[in-house]
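One-letter residues, chain by chain:
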Amino acid sequence: MTSRLTTIIALALVAASCSRGVSHVQTRSLPAPNPTSYSFPLPLEEVHTRALQAFSIKHQIGDPIFGRSASKFHLEPVLSAECSTNAVFGEAVFRDPANAHDIYLHTFHTPFAISSVYRGREGGLPFIAAFHLHLAGSGSNTVVTVTASNTEVVNGTKFGFGSCGPGQGWNCERVQPTTVEEYSILLYLGRYLGITNMPAVILPAL
């Protein structure tokens, strides 16, 4: 028993000593939350069709949702879009008939942006999330609501055991949705739909 305990402690110490670049996560506050819903002056079917065009791989490669980053950390420039006919990761969303026109965006658990809200000692931390876009008709308009889930930041690396065996891997920490990413997606869709009067994204004060 003593030998086993010693081994466990030794492994824990090795794991701790192999953490790299981990720091206290600082949260910068926003002057006000961003909107996570927006009413577009177009019918539901049109918004759904054009949203799938906007979030297509081809369109995102030419115009990434979160822009092109100069970060040394590799960021995924394209979010994969799923709908009711091809859902895999967002399959649970589309079990509800009310979500038939919805869209689910994800990056296979890969960071896609540097957070403006969550920071480490070297600046903004790589951000991971999935997004559920709910489309609902409202007269001749369509209300799009974006909900973020599985929100995390990459805070350095740590030793662990993955599918390829032991090694260094991302140290992912759960965080709260910020509204920055949700509204960035709405703004991106709005630009594609030709809406020119949407407010800018609210970011933390410098």
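Residues numbered from 1 in each chain as written. Predicted model: local features only at pLDDT ≥ 70, side-chain atom pairs only at ≥ 80, totals over all residues. Heavy atoms only, no water.

Caption draft 1: Broad picture of the overall build of the protein chain. When you go through the protein chain residue by residue, the secondary structure sums to four helices and eight strands. Counting from the amino terminus, helix and strand elements in the protein chain follow one another as α-β-β-α-α-β-β-β-β-β-β-α. If you take every contact in the protein chain between residues at least 6 apart in sequence, the share linking residues at least 24 apart comes to 64%. Accessible surface for the protein chain amounts to roughly 11,300 Å². Of this, 59% is attributable to carbon and sulfur atoms. (Helix = DSSP H or I, 4+ residues; strand = E, 2+ residues; numbered from the N terminus. Contact = heavy atoms within 4.5 Å. Areas by Shrake-Rupley, 256 points an atom, 1.4 Å probe, with all protein chains shown as cover.)

Caption draft 2: Geometry of unusual backbone geometry. With phi around 60°, histidine 109 is a residue other than glycine that occupies positive phi space. Its relative accessible area of 42% is what places histidine 109 among the partly exposed residues. If you check the backbone angles, asparagine 150 has positive phi at about 50° while not being a glycine. Mapped onto the fold, asparagine 150 is located in strand E7 (residues 141-162). Note on asparagine 150: relative accessible area 43%, which makes it partly exposed. (Buried < 20%, exposed > 50% of the residue type's maximum accessible area, 1.4 Å probe, protein only.)

Caption draft 3: The pairing of strand E4 (residues 103-106), seen in detail. Residues Ile103 and Leu105 of E4 are buried on one face, and the alternating residues Tyr104 and His106, pointing to the opposite face, are buried as well. Relative to strand E6 (residues 123-138), E4 runs antiparallel, the two sharing three bridges. Along E6, the bridge assignment pairs leucine 105 with phenylalanine 131. (Pairing = 2+ DSSP bridges.)

Caption draft 4: A look at the pattern of salt bridges. On inspection of all chains with the given rule, the structure shows three salt bridges. The salt bridge involving lysine 72 is made with glutamate 122; its shortest N-O contact spans 3.5 Å. Here lysine 72 is found in the loop between helix H3 (57-62) and strand E3 (80-82), whereas its partner glutamate 122 is found in the loop between strand E5 (113-120) and E6, with 50 residues between them in sequence. Lysine 72 sits in the exposed class, given a relative accessible area of 80%. Residue glutamate 91 is joined to arginine 95 by a salt bridge in which the shortest nitrogen-to-oxygen separation is 2.7 Å. Classification of arginine 95 by relative accessible area gives exposed; the value is 60%. (Salt bridge = Lys/Arg side-chain N within 4 Å of Asp/Glu carboxyl O.)

Caption draft 5: Quick look at the confidence of the model for the protein chain. Confidence in the prediction for the protein chain averages 89 pLDDT; 86% of positions are at 70 or higher. Residue range residues 7-17 is modelled with pLDDT below 50. Its contacts to residues more than four positions away, or to other chains, number one contact. (pLDDT = per-residue confidence, 0-100.)

Caption draft 6: Structural detail: the side chain of histidine 48. Counting through the fold element by element, histidine 48 comes out in helix H2 (residues 44-54). Excluding its chain neighbours within four sequence positions, the residues that come into contact with histidine 48 are His101, Asp102 and Leu135.

Caption draft 7: Representation of a nonpolar patch on the surface in the model. On the surface, Val88, Phe89 and Phe108 cluster together into a nonpolar patch covering about 340 Å² of accessible area. As for its placement among the helices and strands, phenylalanine 108 is situated in the loop between E4 and E5. (Patch = residues over 30% accessible without salt bridge, like charges linked within 9 Å, V, L, I, M, F, W, Y side chains within 5 Å.)

Caption draft 8: Representation of the environment of isoleucine 61 within the structure. Structurally, isoleucine 61 is set in helix H3. Note: C-alpha distance between isoleucine 61 and leucine 79 (18 residues apart in sequence) is 9.8 Å. Once residues within four sequence positions are removed from consideration, isoleucine 61 is found in contact with Arg68 and Val78.

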